[in-house]
Amino acid sequence: MNKHTTGDGTVGKALDVLEMVSAKGRPVRFSELLNESPLPKATLYRLLQTLVSQGMLSYGDEQQTYALGIRLVRLAHQAWRQSSIAPIARPIVSALSETVGETVHLAQLDNGQVLYVDKRNAKDPIDMYSQAGKVGPGYCTGVGKVLMAFLEPGELDQVIAKQSFYRYTPATLADEASLRADLDTIRQEGIAYDREEHEPEIICIAAPIMSPKGRPIGALSVTTSTRRKSLDELNEAKPALLKAASDIAAAVSDWQFPG
């Protein structure tokens, strides 16, 4: 659980519990949360009940699991509309998907993880994890790695410390040394690849969207399946991908960027 828990009181603890549930990406039982939380059993239970009563979490009686609630989804949608680059980038994302004939993702970095803020499916869509509004790992996705690669060294250290390094597939970069080596290559080449690192048969090429101050404010990827294309064939989308990322950066150049 995050270090800010003790300093932020009840609200901070409740937010950490929300993050724990969200990070699972699936309904989760109380016992599983208790095993991972430093909170006492009674405190965790009380916070979960409060979050359920406020609509921030939902509770499934049959499976006895907690999941993100509809009120939280509504708030997240409003936050997405107000702070995401997605509304500005949408026409460019759609045009890129039409041009390359594959699925295109737009993502931003959120507390060390990847938040998918938009997605345009190929005409023949592929079943995959990513959806707009979903959170994914940073260390084993193309968009996550390309966002991490262009962070300042101190910020990168903080983000890497938040990675779980869970091995999703045999190709997953499951330790810090392997990730840092890949990030060095990404900085040199200006793009990142997902070589079936998060999901079997799913590959992508990703590019950063940079602010005028040289910070990564988002990432764009072209994604397909190894059943459809090889990584070399997917690499043919690189020029269109880089142009789209540059076009999005230009479209949002009047934003007030941090740092």
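The shown structure was predicted, so the numbers you read here are calculated from the model rather than taken from an experiment.

Engineer: Just to check I follow, could you spell out the pattern of salt bridges for this structure?
Structural biologist: Should the charged atoms of two oppositely charged side chains come close, the side chains can pair. Applying the stated rule across the entire model yields 15 salt bridges. Salt-bridge contacts for Asp157 lead to Arg180; the nearest nitrogen and oxygen are separated by 2.7 Å. Highlighted residues: Asp157 in helix 7 (residues 153–161) and Arg180 in helix 8 (residues 176–189), separated in sequence by 23 residues. A relative accessible area of 41% means that Asp157 is categorised as partly exposed. Connected through shared salt-bridge partners, Lys24, Arg26, Glu32 and Glu36 make up one network.

Engineer: Is there a simple way to explain the confidence of the model for the protein chain in this structure?
Structural biologist: Regions with low pLDDT carry predicted coordinates that are not meant to be interpreted in detail. Considering every residue of the protein chain, the mean pLDDT works out to 88; 87% of them sit at 70 or more. Under a pLDDT of 50 for its full length, residues 1–7 has, in the predicted model, 12 contacts with residues more than four places off or in other chains.

Engineer: Help me understand a nonpolar patch on the surface, please; the structure alone is not making it clear to me.
Structural biologist: A contiguous nonpolar patch, built from Leu68, Ile70 and Val73 and spanning about 260 Å² of accessible area, is present on the exposed surface. Within the secondary structure, Val73 is located in helix 4 (residues 70–83). Accessibility expressed as a relative area gives 44% for Val73, which makes it partly exposed.

Engineer: Just to check I follow, could you spell out the packing of helix 7 against helix 8 for this structure?
Structural biologist: Working note: a packed helix pair is described by the angle between its axes plus the distance between those axes. One can describe the packing of helix 7 onto helix 8 by two numbers: an axis separation of 12 Å at closest approach and a directional angle of 140 degrees. One way to sum up the angle between helix 7 and helix 8 is to call them oblique. The handedness of the crossing between helix 7 and helix 8 comes out as right-handed. Taking contact as the criterion, the partners of Leu156, Asp157 and Ile160 in helix 7 are, on helix 8, Glu176, Leu179, Arg180, Leu183 and Arg187. By residue class, the composition of the contact of helix 7 with helix 8 is four nonpolar, no polar and four charged.

Engineer: What is the right way to read the packing of aromatic side chains from this model?
Structural biologist: Aromatic rings in a pair are described by how distant their centres are and how their planes are angled relative to each other. Evaluated as defined, the whole model comprises four aromatic pairs. Seen in terms of ring centroids, Phe30 and Tyr45 are 6.0 Å apart; in terms of plane orientation they differ by 80 degrees. Their pairing is edge-to-face. Taken as a pair, Phe30 in helix 2 (residues 30–36) and Tyr45 in helix 3 (residues 41–53) lie far apart in primary sequence, 15 residues in all. Assessed through its relative accessible area of 45%, Tyr45 is described here as partly exposed. Their ring planes at 50 degrees and their centres at 4.8 Å tell us that Tyr59 and Tyr66 sit as a pair that is tilted. We classify Tyr59 as partly exposed; its relative accessible area is 34%.

Engineer: I tried to follow the nonpolar core on my own but got confused; where do I start?
Structural biologist: Generally speaking, soluble globular proteins have nonpolar side chains that are buried together. Counting 27 residues, the largest nonpolar core has Leu96, Leu106, Ile209, Leu220, Val222 and Ile248 as the members making the most contacts within it. Put simply, the parts of the chain that give this core at least two residues each are helix 5 (86–100), strand 4 (103–110), strand 8 (202–210), strand 9 (216–225) and helix 10 (238–251). Counting residues per element, this core draws most heavily on helix 5, at six residues. Val222 has contacts with Leu96, Val100, Glu102, Thr103, Val104, Ile203, Cys204, Ile205, Leu234, Ala237 and Leu241, leaving out every residue within four places of it along the chain. Counting residues in each nonpolar core, the second largest holds 21 residues, with Tyr139, Val146, Leu179 and Ala192 among its members.

Engineer: Can you help me understand the pairing of strand 7 (residues 192–195) in this one?
Structural biologist: Sheet faces and side chains relate simply in a regular strand, where the side chains alternate between the two faces. Across four bridges, strand 7 lies against strand 8 in antiparallel orientation. Across the sheet, residue Arg195 finds its bridge partner in strand 8, namely Ile203. The hairpin formed by strand 7 and strand 8 contains six residues between the paired strands, and Glu196 there has a positive phi angle of roughly 60 degrees.

Engineer: How do you make sense of the sheet that holds strand 3 (residues 65–68) when you look at a structure like this?
Structural biologist: Strand pairing in a sheet is mediated by backbone hydrogen bonds. Such pairs are either parallel or antiparallel. Strand order in the open sheet made by the three strands is 1-3-2, with antiparallel pairing throughout. Lying at the two open borders of the sheet, with one neighbouring strand each, are strand 1 (28–29) and strand 2 (57–60). Strand direction decides the pairing type here: strand 2 and strand 3, joined by four bridges, are antiparallel. When the bridges of strand 3 are listed, Leu57 appears paired with Leu68. Helix-sheet contacts for helix 1 (residues 9–24) involve strand 1, strand 2 and strand 3, and the interaxial angle to strand 3 is about 95 degrees. The strands touched by helix 3 are strand 2 and strand 3; relative to strand 2, the strand with the most contacts, the crossing angle is about 105 degrees.

Engineer: Explanation requested: unusual backbone geometry in the structure shown.
Structural biologist: Negative phi is the rule for most residues except glycine; trans is the rule for most peptide bonds. Residue Gln64 is not a glycine yet carries a positive backbone phi of 55 degrees. Relative to the assigned elements, Gln64 resides in the loop between strand 2 and strand 3. A relative accessible area of 44% places Gln64 in the partly exposed class.

Rules of the game
- Residues numbered from 1 in each chain as written.
- Predicted model: local features only at pLDDT ≥ 70, side-chain atom pairs only at ≥ 80, totals over all residues.
- Heavy atoms only, no water.
- Salt bridge = Lys/Arg side-chain N within 4 Å of Asp/Glu carboxyl O.
- Helix = DSSP H or I, 4+ residues; strand = E, 2+ residues; numbered from the N terminus.
- Buried < 20%, exposed > 50% of the residue type's maximum accessible area, 1.4 Å probe, protein only.
- pLDDT = per-residue confidence, 0-100.
- Contact = heavy atoms within 4.5 Å.
- Patch = residues over 30% accessible without salt bridge, like charges linked within 9 Å, V, L, I, M, F, W, Y side chains within 5 Å.
- Areas by Shrake-Rupley, 256 points an atom, 1.4 Å probe, with all protein chains shown as cover.
- Axes fitted to C-alpha atoms, helices over the stretch in contact; angles between N-to-C directions.
- Parallel < 35°, antiparallel > 145°, perpendicular 65-115°, else oblique.
- Left-handed = near helix turned anticlockwise from the far one by under 90°.
- Nonpolar A, V, L, I, M, F, W, Y, C, P; charged D, E, K, R; others polar.
- Phe/Tyr/Trp six-rings, centres within 6.5 Å; stacked < 30°, edge-to-face > 60°.
- Core = buried A, V, L, I, M, F, W, Y, C linked by side-chain atoms within 4.5 Å.
- Pairing = 2+ DSSP bridges.

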